[in-house]
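# A closer look at the structure
Residues per chain, in single letters:
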Amino acid sequence: MMALLEVKDLKVRVEEREILHGLTLTVNEGEVHAIMGPNGSGKSTLSHVIAGKPGYEVTDGQILFRGEDLLEMEPDERAAKGVFLAFQYPVEIPGVTTMNFLRTALNAQRKARGESELMVPDFLKKVREVSKSLNIPQDMLKRGVNVGFSGGEKKRNEVLQMALFEPSLCILDEMDSGLDIDALRIAADGVNALRSPGRAMVVITHYQRLLNYIVPDVVHVMSRGRVVKSGGKELALELEASGYAQFEDAA
Amino acid sequence: MPAVQETVERVKRIDVDQYRYGFETLIESDKAPKGLSEETVKFISEKKNEPAWMLQWRLEAYRRWLTMQEPTWARVDYPKIDFQDLYYYAAPKPKKTVSSLDEIDPEILKTYEKLGIPLREVAMLEGVEPKPGEEDPARRKIAVDAVFDSVSVATTFKAELKKAGVIFMPISEAIREHPELVQKYLGSVVPTSDNFYATLNSAVFSDGSFVYVPPGVRCPMELSTYFRINERNTGQFERTLIIADKGSYVSYLEGCTAPQRDENQLHAAVVELVALDDAEIKYSTVQNWYPGNSEGKGGIYNFVTKRGDCRGANSKISWTQVETGSAITWKYPSCILRGDNSRGEFYSIAISNGFQQVDSGTKMIHLGKNTSSRIISKGIAAGKSQNTYRGLVTAHRKATGARNFTACDSLLIGDKCGAHTVPYIEAKNSSATFEHEATTSKISEDVLFYCIQRGLSQEEAVGLVVNGFVKDVLQQLPMEFAVEAQKLISISLEGSVG
C-alpha cells in the first residue's frame with residue numbers, strides 16, 4: 001500500500017543555516033504519529049515545509065503525498081489535496097468573520113478539487129454540528145477570525161476547521177501550548193473524534209502530557225534535524241522519565 | 001519565495017495598461033477652443049444658454065483665478081500643468097434633442113453597458129440581505145443621471161421624483177429652470193474665491209447634478225450619477241449642488257470610471273451640500289479613474305473640492321468614499337458644522353497602487369454648540385504609491401461641547417510604498433472633546449500564509465484581508481454600492497497582485 005506521507009532524506013535551510021539534515025518519515029493512512037523533541041530540533045520546521053510556508057529552502061530530499069511530489073505544489077494546492085496544518089499560534093484576521101472565513105476557505109478548496117460550492121444551508125448545518133461538539137458558541141463565529149479569542153478558543157477554532165475541511169493529513173503543531181488542562185481536553189476530544197481509517201495525524205509536541213489525550217500509534221524523537229528514534233506509545237513515557245539528553249548525543 | 005515578497009513581485013508586474021475600463025467611444029464632439037480666457041468662459045456660458053447673472057458669476061471667478069497660485073502643500077508630485085494647453089468644454093454633438101433613452105447615441109449607451117451601469121430603471125441585486133429596518137433591495141430604486149463628458153444625456157425616474165417634489169436635474173438645466181434656488185445656494189458653501197481649483201471650476205464648470213429636496217420629504221430613491229471623461233485633453237469640471245431643506249433626507253451616489261489616456265487629464269470638480277434644520281444628506285462616491293500605466297505615465301489628476309454645510313440645527317452630512325483610481329488625488333470632503341447639534345461624518349477607503357499619489361482626508365469645522373463629528377479613514381498603499389491622510393478638526397470659540405472621534409488606519413503592501421498621516425487638531429474652547437487614533441501596519445506574511453494554508457490563493461488571501469481591513473467603512477455605503485465597492489476593491493487588488 002502506498003504511504004500517505006513519505007518524507008525522504010529531507011534537508012532544509014533557513015537563511016543559509018541547515019535546520020533539517022536528512023529527515024525521513026513515513027506515515028500511513030489511519031495512523032497517528034507523535035513527533036517529540038527539544039526546542040530547536042526542527043519539529044516546527046518540518047510542519048512548515050510540509051505545508052509549504054515560504055522562507056524555507058529545501059536543498060535535498062523529497063516529500064511525497066500519496067506518491068505525488070508535494071514540494072512542486074503551491075501551499076493552497078496542498079490544502080486542497082488534503083494537507084492541513086493546525087497552527088501553534090493561529091493568526092487574527094480583523095474584519096473577517098469566522099463564518100465568512102470558513103465558507104471562503106472551504107469553497108476555495110472545493111473549487112480547486114473541481115467540486116461544486118457547498119450550499120449555504122448545508123454549510124450552516126455542518127458548522128453548527130461541529131461547533132456544538134467543540135463547545136464553540138455561535139457568537140464566536142460572528143467575530144473576526146481569532147480576534148479576541150482566548151488561547152483555548154483559538155485552538156478549538158483550528159479543530160473546527162479541521163473537522164470542516166476533512167483533510168486526509170492533519171499536522172498539529174504544538175497544540176498544547178498555552179492551554180490549561182480543561183481547554184486541552186476539549187481540543188483533544190475534538191481531534192480524537194476526527195481519527196478515522198482514511199486520515200492520518202502528525203502530532204508535534206514537547207510534552208508527553210498531550211499524548212495522554214491523543215494517544216499515538218507511533219512516536220518519533222527528533223534531535224538536531226533528524227529522527228533519532230522511533231517506537232510505540234511507550235517511547236513517550238520513557239522520554240518523560242529520562243528526558244531528551246540521551247538523544248542529544250545520538251544525533 | 002516569502003508570501004509578502006511574492007506579493008511585492010506581483011505588484012511590480014502590475015499592468016494597469018489592462019485597465020478594465022480603458023476604452024474610447026468614437027463620437028463627434030463639440031469643443032471650445034483650446035486654452036482659457038474670458039472668451040472661453042463666454043463660449044461655455046453661451047453653449048449652455050445661461051442667463052446673464054451666471055456668466056457674470058463665471059467671469060468674476062475667472063478674474064479671481066488669474067490672481068491665484070496653484071497650491072503646493074499636498075504630498076503629491078506632478079509636472080506643472082499648462083492651463084492654456086487644455087480644452088475647457090466638450091459636449092457630444094447632439095444629433096437632436098434627447099427626451100428618452102431610445103434617442104441616445106447607441107455608442108454612448110454601449111459605453112455604459114461595458115461599464116455595467118444600470119441606466120435602465122431598477123437595479124436589482126441578488127443575494128443581498130437587507131439591513132434591519134431597511135426595505136427589500138429589489139424594491140429600492142436608483143435614479144441615474146448619467147453625465148457623459150460634460151452633458152447630461154439621460155435622466156431616469158424623473159416622474160417619480162417630481163411627484164415627491166424632488167428636483168433632480170443637470171445643473172445647467174437648473175440654472176434656467178430654478179434660478180432662484182441656484183442663485184441662493186451656488187457658491188454658498190464653496191465660494192468662488194475658495195481655492196485655486198474651485199475658482200477654476202467656478203469659471204468653467206460644464207455640468208453636473210442639481211438636487212433639491214423640499215421640507216419634510218424623504219427622497220424616495222437613491223440618486224446616482226456616473227461621470228465619465230471621454231474626450232482627449234478635456235478638463236472635466238463638474239459642479240454639483242445638493243440642498244436638503246428642513247427635515248428632509250437624501251442619499252446620493254456618485255461613481256466614476258474613465259478610459260485610458262496617455263496625456264494626463266485634469267479633473268477639478270466642486271460639490272456643495274447644504275443641509276437645513278433637521279435635514280440629512282448622505283453622499284457616497286466610488287472613484288475608479290484611470291490611474292496611469294505601469295510606468296506612472298498618464299492617469300487622471302483629480303483635484304476636487306467637496307464640502308457640506310450643516311447650516312441648520314440638528315442637521316447631518318455624511319461623506320463616504322471609496323477611492324481606487326486617478327494618478328493624483330487631492331480631495332478633502334469636509335463638513336462645516338454650523339447648526340447646533342449638527343453632525344458630520346467622513347468614511348474613507350483610499351487604495352493606491354503603481355505610481356498613484358493620494359492626498360486625501362477631511363475637514364470637520366465645528367462652529368455650532370454640541371456639534372459632533374466622526375472620521376474613519378482606511379488607507380491601503382501598494383506598489384510605489386504614496387498615500388497620505390490629511391485632516392483638520394477644529395472647534396471654534398463658541399462651539400461648546402464639540403466632539404470628534406478620528407481613527408486613521410493604514411495598511412502597506414510591499415516596501416516601496418508609503419503611508420502618511422497628517423492630522424491637524426485645533427480646539428479653541430475648553431469644552432471640546434477630540435479623540436484621535438492612528439495605526440500603520442504591513443500586510444502580515446503570517447496572516448497571508450494562514451489563509452493560503454486553508455486553500456485560498458495568494459490573491460484571494462490579500463483580497464480577504466484587505467476587505468476585512470476596510471469593513472467598517474464598507475458598511476457605511478448604501479447596500480447597492482457596498483456590493484459594487486467590494487467588487488471594485490477586489491478588481492483593484494487583482495491588478496495589484498498579478
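In what follows, the structure referred to is the one given above.
Source: prediction; values computed, not measured.

### What about the interface of chain B and chain A?
How big an interface is tends to be expressed through the accessible area that disappears when the partners come together. Across the contact, 20 residues belong to chain B and 32 residues belong to chain A. Overall, the association of chain B and chain A removes approximately 2000 Å² of surface from exposure, summing both partners, and the carbon and sulfur fraction of that is 68%. Of all residues in chain B, Phe449(B), Tyr450(B) and Arg454(B) give up the largest surface area on contact with chain A, accounting jointly for 38% of the area buried on that side. Seen at the junction of chain B and chain A, the total is 2 salt bridges. Salt-bridge contacts for Asp446(B) lead to Lys53(A); the nearest nitrogen and oxygen are separated by 3.3 Å. The tally of links from chain B across to chain A stands at 9 residue pairs in polar contact (both at pLDDT 80 or more). Counting only elements with at least two residues in the side of chain B that touches chain A, the list comes to helix 9 (445-453) and helix 10 (458-469) of chain B. If one sorts the elements of the side of chain B that touches chain A by residue count, helix 9 of chain B sits on top with 7 residues. Looking at the side of chain B that touches chain A residue by residue, the class counts come to 12 nonpolar, 4 polar and 4 charged.

### A short note on the packing of aromatic side chains
All names here are of chain B. Tallied over the entire structure, the rule returns 23 aromatic pairs over all chains. Relative to Phe196, the ring of Phe83 lies with its centre 5.4 Å away and its plane at 70°, an arrangement referred to as edge-to-face. Taken together, the positions of Phe83 in the loop between helix 3 (52-66) and strand 2 (90-92) and Phe196 in helix 8 (residues 196-204) put the pair 113 residues apart, joining distant regions of the chain. On the accessibility criterion, Phe83 (8% relative accessible area) is buried. Classification of Phe196 by relative accessible area gives buried; the value is 6%. Look at Trp330 and Tyr332: their rings are 5.5 Å apart centre to centre, the planes differ by 80°, and that puts the pair in the edge-to-face class. The same class applies to Trp330 as to Tyr332, namely buried. By the ring-pair criterion, three or more aromatic residues cluster together here, those being Tyr62, Trp65, Trp73, Tyr78, Phe83, Phe196, Tyr197, Tyr301, Phe303, Trp330 and Tyr332. Above the plane of the ring of Phe469 lies Lys378, whose end atom (NZ or CZ) is 5.1 Å from the centre.

### Some words on empty space enclosed by the protein
All names here are of chain B. Inspection of every chain in the model, using the stated rule, returns 5 cavities of 30 Å³ or more. If you add up the space inside the largest cavity, you get close to 120 Å³. In terms of lining residues, the largest cavity is bounded by 19 residues, among which Ser377, Gly379, Asn387, Thr388 and Tyr389 are the most central. Broken down by secondary-structure element, the contributors of at least two residues to the lining of the largest cavity are strand 17 (343-352), strand 18 (357-366), strand 19 (372-381), strand 20 (386-395), strand 21 (403-412) and strand 22 (418-427).

The rules behind these values
- Residues numbered from 1 in each chain as written.
- Chains lettered and ligands numbered in written order.
- Predicted model: local features only at pLDDT ≥ 70, side-chain atom pairs only at ≥ 80, totals over all residues.
- Heavy atoms only, no water.
- Contact = heavy atoms within 4.5 Å.
- Buried area = accessible area lost by both parts, 1.4 Å probe.
- Salt bridge = Lys/Arg side-chain N within 4 Å of Asp/Glu carboxyl O.
- Polar contact = N/O pair within 3.5 Å; in protein donor to acceptor, adjacent residues only side chain to side chain.
- Helix = DSSP H or I, 4+ residues; strand = E, 2+ residues; numbered from the N terminus.
- Nonpolar A, V, L, I, M, F, W, Y, C, P; charged D, E, K, R; others polar.
- Phe/Tyr/Trp six-rings, centres within 6.5 Å; stacked < 30°, edge-to-face > 60°.
- Buried < 20%, exposed > 50% of the residue type's maximum accessible area, 1.4 Å probe, protein only.
- Lys NZ or Arg CZ within 6 Å of the ring centre and 35° of its normal.
- 1 Å grid on protein atoms, 1.4 Å probe; cavity = no way out; pocket = protein on both sides within 12 Å on 5 of 7 lines; lining within 4 Å.
- Points joined across faces, edges and corners; volume = space filled by probe spheres on them.

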